[in-house]
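Structural characterization, general
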Amino acid sequence: MATSQNIKVAVDAVVFGYTSNEGLSVLLIKRKGNTFKGKWALPGGLVKDDESLEEAVSRELNEETGVKINYLEQLYTFGELDRDPRNRVVSVAYYGLVKPDVFELDADTDASDAAWFNIKSLPELAFDHNHILEVAIQRLKGKITYEPIGFELLDMKFPFSELEKLYQTVLDRPIDRRNFKKKIMKFGFLEETDEKQQLSGAGRPGNLFKFNKPKYDKLKKEGINFEI
């Protein structure tokens, strides 16, 4: 029996940003087209016939926000029948984690604006993007407990308190500070330096730490069981 099919394939990018002062945020665009015009949404769009999914999500992200990211991880495929009022669209979503202050946003093509929003104060999003974002947040919370993805968001050398703050922000819960440090340090890829933290007020400055990525990569190949 012949199958009748008229499905379009799209990609969406959930780009999380983190800073010590602002916490966890997500990159959104304001839609320019007639469908959900003026509504905030995740960057994304239809995949061209001559490009891969990865090429499509990188292109759409760059076109609509001016942001270029070397690596986005595939999150999930969303294919509810009524997720797009125009036609049947299946979307493959990707997510990543970056430092917002290294990018200059530049909205173009289908976007009239692009901005970072703290995940605690989000607007109502177009399509099913609130649902996609929630799935991405839960994935991020899970992944940061078994892979040290947050170190790239910190300075090359940082006080341990900044690492604690990053984990508490992403996990959205308090952590046992003493147990957390004990778990992190036992792996051996976090190195304590002789350099001291610069304090603006009173207090005893602590030593700075640095992440040894080559050592982590070696341990990962050997089958490290990283779990927080």
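Residues numbered from 1 in each chain as written. Predicted model: local features only at pLDDT ≥ 70, side-chain atom pairs only at ≥ 80, totals over all residues. Heavy atoms only, no water.

As a further point, take the environment of Leu 72. Structurally, Leu 72 can be placed in the loop between helix H1 (53-65) and strand E5 (73-78). Given a relative accessible area of 10%, Leu 72 falls into the buried group. When sequence neighbours within four positions are dropped, the list of residues in contact with Leu 72 reads Ala 13, Val 15, Val 57, Leu 61, Tyr 94, Tyr 95 and Gly 96. (Helix = DSSP H or I, 4+ residues; strand = E, 2+ residues; numbered from the N terminus. Buried < 20%, exposed > 50% of the residue type's maximum accessible area, 1.4 Å probe, protein only. Contact = heavy atoms within 4.5 Å.)

All right, on to the nonpolar core then. Soluble, globular proteins show a tendency: their nonpolar side chains are buried together. Core analysis: the biggest nonpolar cluster contains 42 residues, and Val 14, Phe 16, Leu 140, Leu 163, Tyr 167 and Leu 190 have the highest contact counts within it. Mapped onto this core, the elements with two or more residues apiece are strand E1 (8-19), strand E2 (23-31), E5, strand E6 (89-98), strand E7 (111-118), helix H2 (129-143), helix H3 (160-171) and helix H4 (177-186). Considering each element in turn, this core owes the most residues, 6 residues, to H3. Shared between two domains, this core holds at least three residues of each, these being domain 1 (8-144) and domain 2 (155-222). In this structure Leu 163 touches Phe 151, Leu 154, Phe 158, Phe 180, Ile 184 and Leu 190, once residues within four positions along its chain are discounted. Ranked by size, the runner-up nonpolar core spans 14 residues in total, among them Ala 56, Leu 61, Val 92 and Val 98. (Core = buried A, V, L, I, M, F, W, Y, C linked by side-chain atoms within 4.5 Å. Domains from an automatic or database assignment.)

Further remarks concern the domain arrangement of the chain. Along its sequence, the chain is organised into domain 1 (8-144) and domain 2 (155-222). Between the C-alpha centres of domain 1 and domain 2 there is a distance of 30 Å. Between domain 1 and domain 2, the residue contacts involve 9 residues of the former and 9 residues of the latter. Summing both partners gives a buried area of about 950 Å² for domain 1 against domain 2, and 60% of it is carried by carbon and sulfur. When the buried surface of domain 1 facing domain 2 is broken down by residue, Tyr 18, Lys 141 and Ile 144 rank first, second and third, together holding 56% of it. Here domain 1 is connected to domain 2 by 1 salt bridge. Lys 120 serves as the salt-bridge partner of Asp 172, at 2.9 Å between the closest nitrogen and oxygen. Linking domain 1 to domain 2 there are 5 residue pairs in polar contact (both at pLDDT 80 or more). Contributions of two or more residues to the side of domain 1 that touches domain 2 are made by E2 and H2. (Buried area = accessible area lost by both parts, 1.4 Å probe. Salt bridge = Lys/Arg side-chain N within 4 Å of Asp/Glu carboxyl O. Polar contact = N/O pair within 3.5 Å; in protein donor to acceptor, adjacent residues only side chain to side chain.)

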